[in-house]
Amino acid sequence: AQSVSQHNHHVILSEAASLELGCNYSYGGTVNLFWYVQYPGQHLQLLLKYFSGDPLVKGIKGFEAEFIKSKFSFNLRKPSVQWSDTAEYFCAVKAYNNNDMRFGAGTRLTVKP
Amino acid sequence: ETGVTQSPTHLIKTRGQQVTLRCSSQSGHNTVSWYQQALGQGPQFIFQYYREEENGRGNFPPRFSGLQFPNYSSELNVNALELDDSALYLCASSPSGEVAETQYFGPGTRLLVL
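It should be emphasised that the depicted structure is a prediction, and the values quoted were computed from it without experimental measurement.

(A) Main features of the overall build of chain B. The number of helices and strands found in chain B is zero helices and 11 strands. Taken from the N to the C terminus, the helices and strands of chain B come in the order β-β-β-β-β-β-β-β-β-β-β. Radius of gyration (C-alpha) of chain B: 13 Å, near the 13 Å computed for a compact globule of 114 residues. Its C-alpha atoms put chain B at 40 × 25 × 25 Å along the principal axes. Put simply, 54% of the contacts in chain B that link residues at least 6 apart link residues at least 24 apart. When the accessible surface of chain B is split by element, carbon and sulfur atoms take 48% of a total near 5400 Å². Taking the average place of the 7 positive charges on the side chains of chain B and the average place of its 10 negative ones, the gap between the two points comes to 10 Å.

(B) Looking closely at the state of the cysteines. Residues and elements named next belong to chain A. Throughout the structure, instances matching the rule amount to two disulfides over all chains. Here Cys23 engages in a disulfide with Cys91; their sulfurs sit 1.9 Å apart. Given an S-S torsion of about -65 degrees, the disulfide between Cys23 and Cys91 has left-handed geometry. Of the two residues, Cys23 sits in the loop between strand 3 (19-21) and strand 4 (24-26) while Cys91 sits in strand 10 (residues 87-95), which places them 68 residues apart along the sequence. The burial state of Cys23 is the same as that of Cys91; both residues are buried.

What counts and how
Residues numbered from 1 in each chain as written. Chains lettered and ligands numbered in written order. Predicted model: local features only at pLDDT ≥ 70, side-chain atom pairs only at ≥ 80, totals over all residues. Heavy atoms only, no water. Helix = DSSP H or I, 4+ residues; strand = E, 2+ residues; numbered from the N terminus. Rg over C-alpha atoms; globule rule 2.2 N^0.38 Å. Contact = heavy atoms within 4.5 Å. Areas by Shrake-Rupley, 256 points an atom, 1.4 Å probe, with all protein chains shown as cover. Lys, Arg positive; Asp, Glu negative; His and termini not counted. Charge placed at Lys NZ, Arg CZ, Asp CG, Glu CD. Disulfide = S-S within 2.5 Å. Buried < 20%, exposed > 50% of the residue type's maximum accessible area, 1.4 Å probe, protein only.

Below is the structure:
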């Protein structure tokens, strides 16, 4: 079964700093990959997803992620973070042939104004 | 458009009891998935319902069961509650049973088992 690792538990950045959150998964077959975000007091919501085609995926609010199949990675990036990006970020993977979506443990991002 | 709603918001039970959690899917969505999120962890997939049939199940024992109704709302039932069942239970709906569909999450029900 697939599993997901998010290496950073808590990341603290100043506004305008660049962000990269790591996500690695273990599964040898075809996968669909997701990043979800949970802003304080809000529901989990989709940031972006990859299911085929261009491995560089652009999402909402200036976020992007790159799928590197050879590294089993799907890292999330943003060139310049804002205070409003303070949230918890979850990477998730689904094997192509089943509905069991596996989430990582999450990375808490704190952006200092 | 109404989003995913869940009830109750909080619940306290004792070990051995049974609990039923409810979820109303977003308008137009026929697929509902349930997740358990323990403190400090990511959500763990319990099962999914598509058009009233179970459509995939995670690594949870049979005392976790579910239902989906003709209006696509859903229930999660947990029997013989254990202390480790204390968690946030999330419901997510999506427009179809396809693998890459975006899931829309509700606010969750926080269950405490004493």
